[in-house]
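Next come the chains, spelled out residue by residue.
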Amino acid sequence: QVQLVESGGGLVQAGGSLRLSCAASGGTFSRYTVGWFRQAPGKEREFVARIRWNGDSTYYIDSVKGRFTISRDNAKSTVYLQMNSLKPEDTAVYYCAAGRLWPANLRSEYDYWGQGTQVTVSS
C-alpha cells in the first residue's frame, strides 16, 4: 500500500511559478508510474503529466507542454511538478497518483491517490 501526500500549492500571480511535491511512503515507490492530475471547480479531473518508474520517460498534455516539468527522486520517494509561466486556467486542485501501468493517462489506470493541493493563479 502506497500513501501519497502532495504539497507546494498556493496562490500565485499569472506568469509565476510553483513546485509541487508528491511524497510517498509504503510500498516500492520506485517501481511505479506517477501521474499528476488536476480538477478545476465544476470540471472533471484531468490528466496533466506522468513519469515512468525510472524517470527515463515523461509525457505532458499539450496545454502544459513547455511550461511544466515532471521529475522524480526515487531515493527520496518524491515526484515533483515544476510549473512555470502559470496561467489562470491552471487553477485547480492538483493530485498525484501512482500505478503500475505505462503509459497511463486515465484515472482508472492509477491505484493510489493523494489528497490534493490547491493551486490558484490570479490574473
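Anything mentioned here points back to the structure above.
Residues numbered from 1 in each chain as written. Predicted model: local features only at pLDDT ≥ 70, side-chain atom pairs only at ≥ 80, totals over all residues. Heavy atoms only, no water.

Digging into the pattern of salt bridges
Scanning the model with the defined rule gives 4 salt bridges in all. The salt bridge partner of D90 is R67, with a shortest N-O separation of 2.8 Å. In this pair, D90 sits in the loop between β8 (78–83) and β9 (92–99) while R67 sits in the loop between β6 (58–60) and β7 (68–73), placing the two residues 23 residues apart along the sequence. Judged by relative accessible area, R67 falls into the buried class, the value being 11%. (Salt bridge = Lys/Arg side-chain N within 4 Å of Asp/Glu carboxyl O. Helix = DSSP H or I, 4+ residues; strand = E, 2+ residues; numbered from the N terminus. Buried < 20%, exposed > 50% of the residue type's maximum accessible area, 1.4 Å probe, protein only.)

Some thoughts on the packing of aromatic side chains
Scanning the model with the defined rule gives 6 aromatic pairs in all. Between Y32 and Y112, the aromatic rings sit 5.9 Å apart at their centres with planes inclined by 80 degrees, giving edge-to-face as the arrangement. Note that Y32 is positioned in the loop between β3 (18–25) and β4 (33–39) and Y112 in strand β10 (residues 112–113), a separation of 80 residues in sequence. Under the relative-accessibility criterion, Y32 is labelled buried at 5%. With centroids separated by 6.1 Å and ring planes inclined at 25 degrees, the aromatic side chains of F47 and Y59 adopt a geometry described as stacked. Taken as a pair, F47 in strand β5 (residues 46–51) and Y59 in strand β6 lie far apart in primary sequence, 12 residues in all. What makes F47 buried here is its relative accessible area of 9%. Across from the ring centre of W113, 5.1 Å away, lies the NZ or CZ of R45, which sits over that ring. Between R72 and the ring centre of F29, over which it is positioned, the NZ or CZ distance is 4.9 Å. (Phe/Tyr/Trp six-rings, centres within 6.5 Å; stacked < 30°, edge-to-face > 60°. Lys NZ or Arg CZ within 6 Å of the ring centre and 35° of its normal.)

Looking at unusual backbone geometry
Following W102, the chain continues to P103 via a peptide bond in cis, the omega torsion being -5 degrees. For P103, the position within the fold is in the loop between β9 and β10. The phi dihedral of S77 is positive, around 50 degrees, even though this residue is not glycine. Mapped onto the fold, S77 is located in the loop between β7 and β8. In this structure, S85 takes a positive phi of about 50 degrees despite not being glycine. Within the fold, S85 resides in the loop between β8 and β9. You can call S85 partly exposed: its relative accessible area is 43%.

Regarding the sheet that holds β8
Pairing between the strands of a sheet is mediated by backbone hydrogen bonds and can be parallel or antiparallel. With antiparallel pairing, the 4 strands of this open sheet are ordered in space as β1-β3-β8-β7. Single-partner strands in this sheet number two, and they are β1 (3–7) and β7. Sheet twist, expressed as the mean angle between neighbouring strand axes with direction ignored, is 15 degrees. Across 6 bridges, the pairing between β3 and β8 is antiparallel. Note on β8: the bridge partner recorded for A23 is T78. (Pairing = 2+ DSSP bridges. Axes fitted to C-alpha atoms, helices over the stretch in contact; angles between N-to-C directions.)

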